[in-house]
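In case you want the letters, here they are:
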Amino acid sequence: MRQDAIFSPFFALMFLTLLVWVYMYIRRISFIISSKLKPQDLVVANTLAQISPPSVSNPSDNLKNLFEIPVLFYALLLYLFITQQVDTVYVNAAWIFVVFRVLHSVVHCTFNLVILRFYLYLFATLAVWFITLRAAFIHFSI
């Protein structure tokens, strides 16, 4: 398998992060304009989060989520590429992570059914832990 195959899910997750970032700003700017808020009204940290409805704050929360477990994902994929360990199992696990994170983001940024979001997050994160454990086992068995 080509080692650079691991970068397709890598960049797909980056693209998801970009989309959530753009969506967050669209929701925020629309809310600020419709509420006739001035930038100075938002100078205190977390003011916007406190006064905005979930349809505005959820995309921001989701963007923060995309800088938690995904950081491990990016590091693992770079490790796999550098150590020339990329194989079909890792690529499939990476895509599983990305697909479940996309679904998680869609739910979080729209109707936000928490139990569904929880399971989507769980399955995505299990894929990362699988990659982690498999890579660590291989690393320490050599």
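Residues numbered from 1 in each chain as written. Predicted model: local features only at pLDDT ≥ 70, side-chain atom pairs only at ≥ 80, totals over all residues. Heavy atoms only, no water.

K.L.:
Please explain the overall build of the protein as it appears in this structure.
P.N.:
The number of helices and strands found in the protein is six helices and zero strands. Listed by position from the N terminus, the elements making up the protein come as α-α-α-α-α-α. Across the protein, every contact between residues at least 6 apart in sequence was considered, and the portion connecting residues at least 24 apart equals 79%. Of the roughly 8,400 Å² of accessible surface on the protein, a fraction of 73% belongs to carbon and sulfur atoms. Across the protein, 9 positive and 5 negative side-chain charges occur, with their mean positions spaced 8 Å apart. (Helix = DSSP H or I, 4+ residues; strand = E, 2+ residues; numbered from the N terminus. Contact = heavy atoms within 4.5 Å. Areas by Shrake-Rupley, 256 points an atom, 1.4 Å probe, with all protein chains shown as cover. Lys, Arg positive; Asp, Glu negative; His and termini not counted. Charge placed at Lys NZ, Arg CZ, Asp CG, Glu CD.)

K.L.:
Help me out: how do you make sense of the side chain of Asn58 in this one?
P.N.:
Along the polypeptide, Asn58 turns up in helix α3 (residues 54-65). What Asn58 contacts, discounting residues up to four positions off in sequence, is His108 and Asn112.

K.L.:
Any chance you could explain the packing of aromatic side chains here in plain terms?
P.N.:
How two aromatic rings sit relative to each other is set out by the distance from centre to centre and by the angle between their planes. Going through the model one piece at a time under the given rule, you end up with eleven aromatic pairs. Following the ring pairs from residue to residue traces out a cluster consisting of Phe7, Phe10, Phe11, Phe73, Tyr74, Phe81 and Phe97. (Phe/Tyr/Trp six-rings, centres within 6.5 Å; stacked < 30°, edge-to-face > 60°.)

K.L.:
Honestly, unusual backbone geometry in this entry has me stumped. Any pointers?
P.N.:
Even without a glycine there, the phi angle at Lys36 is positive, about 55°. Note on placement: Lys36 falls in the loop between α1 (7-34) and α2 (47-51). With a phi close to 60°, Gln84 is a non-glycine residue in the positive phi region. When you line up the elements, Gln84 lands in the loop between α4 (69-82) and α5 (88-109). Residue class for Gln84 comes out exposed when judged on its relative accessible area of 56%. (Buried < 20%, exposed > 50% of the residue type's maximum accessible area, 1.4 Å probe, protein only.)

K.L.:
I keep staring at the nonpolar core and nothing clicks. Help me out?
P.N.:
Nonpolar side chains in soluble globular proteins tend to end up buried together. Counting residues in each nonpolar core, the largest one holds 28 residues, and the members touching the most others are Ile6, Leu13, Phe73, Leu77, Phe97 and Ile131. Elements with a minimum of two residues in this core: α1, α4, α5 and α6 (114-141). If you tally residues by element for this core, the top one is α5, at seven residues. Among residues more than four places away in sequence, those in contact with Leu77 are Ile6, Phe10 and Ala94. (Core = buried A, V, L, I, M, F, W, Y, C linked by side-chain atoms within 4.5 Å.)

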